[in-house]
Structure formats: C-alpha cells, structure tokens
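If you want the building blocks of each chain, they are given just below.
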Amino acid sequence: MKFLTLLEVGGLGGLVAMIIGMIFIVVFVVSLVIGGITKVIYEWNNTKKFSTGQFWKTVLISMLIGGLISGFICGGM
C-alpha cells in the first residue's frame, strides 16, 4: 500500500531517470559483449581485421536495437 501512496504523490522524475539510466547501462554492456563476439567471429581466420570504427558501429547498432526492444517492452505491447 505504501508503494501505491508513493506513486500517487508524484514528482518521481528522479526514479524515472534512474530507471532509464539502468536500462542504458544494461543495453551498453550487452552491446559491448555482442561487439566482442562479432569481433571474434570476424577475425576467426586471421585474414581480416575488425577495426575500431567497425566495433563501435556494431555496438551502436546493437544499442539501437536494444533500445527498440526495451521501448517496446516498457512502453507496452
């Protein structure tokens, strides 16, 4: 019941910002892992190099897809 009272009071901008920040951090870490896995797969035969620009573009694309998924889930299906 106290949680309901907290929601009725309003002024929860800090809580919303904290939730968005946590989502951003989780999506960033997951994107770094995806970028690392992509780099390992790309350089598996040692014939091609995965540049830093390609790595960060992969991370950015992964973050955009993760943001779309989290927005779909948090915004309601």
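It should be emphasised that the depicted structure is a prediction, and the values quoted were computed from it without experimental measurement.

**So, the overall build of the protein**
And step 1. The secondary structure content of the protein amounts to three helices and zero strands.
And step 2. What you see in the protein, going N to C, is helices and strands ordered as α-α-α.
And step 3. When burial is assessed residue by residue, the protein has 14% of its 77 residues classed as buried.
And step 4. Sequence separation of 24 or more characterises 50% of the internal contacts of the protein that already satisfy a separation of 6 or more.
And step 5. As displayed, the protein offers around 6,200 Å² of accessible surface, 76% of which is attributable to carbon and sulfur atoms.

**Description of the packing of aromatic side chains**
And step 1. Overall, the coordinates contain three aromatic pairs when judged by the stated rule.
And step 2. Here F55 and W56 contribute two aromatic rings whose centre-to-centre distance is 5.2 Å and whose plane-to-plane angle is 75°, an arrangement assigned as edge-to-face.
And step 3. You can call W56 partly exposed: its relative accessible area is 44%.
And step 4. When the ring centre of Y42 is taken as origin, the NZ or CZ atom of K48, which lies over that ring, is 5.0 Å away.

**Remarks on the side chain of T58**
And step 1. Its location among the elements puts T58 in helix α3 (residues 52-74).
And step 2. With residues near it in sequence (within four places) discarded, T58 still touches G35, T38 and F50.

**Side note on the packing of helix α2 (residues 13-42) against α3**
And step 1. Packing of α2 against α3 brings their axes to within 8 Å, and their N-to-C directions diverge by 135°. With respect to α3, the axis of α2 lies oblique. Note on packing geometry: the crossing formed by α2 with α3 is right-handed. Contacts between α2 and α3 involve I23, F24, V27, F28, S31, L32, I34, G35, G36, T38 and Y42 from the former and Q54, F55, W56, T58, V59, S62, M63, G66, G67, S70 and C74 from the latter.
And step 2. Residues that form the contact of α2 with α3 fall into these classes: twelve nonpolar, ten polar and no charged.

**Topic: α2**
And step 1. In this model α2 runs 42 Å from its N-terminal to its C-terminal C-alpha over 30 residues, within 8% of the 44 Å that 1.5 Å per residue would give.
And step 2. Among the residues making up α2, those that are buried are V27, S31 and G35.
And step 3. On its buried face, α2 sits against α3.

**Considering the nonpolar core**
And step 1. Membership of the largest hydrophobic core is limited to five residues, which are V27, F50, F55, V59 and M63.
And step 2. Top element by residues in this core is α3. It accounts for three residues.
And step 3. Not counting the four nearest positions on each side in its chain, F50 is found in contact with G35, T38, K39, Y42, E43, F55 and T58.

What counts, and at which threshold
- Residues numbered from 1 in each chain as written.
- Predicted model: local features only at pLDDT ≥ 70, side-chain atom pairs only at ≥ 80, totals over all residues.
- Heavy atoms only, no water.
- Helix = DSSP H or I, 4+ residues; strand = E, 2+ residues; numbered from the N terminus.
- Buried < 20%, exposed > 50% of the residue type's maximum accessible area, 1.4 Å probe, protein only.
- Contact = heavy atoms within 4.5 Å.
- Areas by Shrake-Rupley, 256 points an atom, 1.4 Å probe, with all protein chains shown as cover.
- Phe/Tyr/Trp six-rings, centres within 6.5 Å; stacked < 30°, edge-to-face > 60°.
- Lys NZ or Arg CZ within 6 Å of the ring centre and 35° of its normal.
- Axes fitted to C-alpha atoms, helices over the stretch in contact; angles between N-to-C directions.
- Parallel < 35°, antiparallel > 145°, perpendicular 65-115°, else oblique.
- Left-handed = near helix turned anticlockwise from the far one by under 90°.
- Nonpolar A, V, L, I, M, F, W, Y, C, P; charged D, E, K, R; others polar.
- Expected span 1.5 Å × (residues − 1).
- Core = buried A, V, L, I, M, F, W, Y, C linked by side-chain atoms within 4.5 Å.

These figures capture arrangement, not role.
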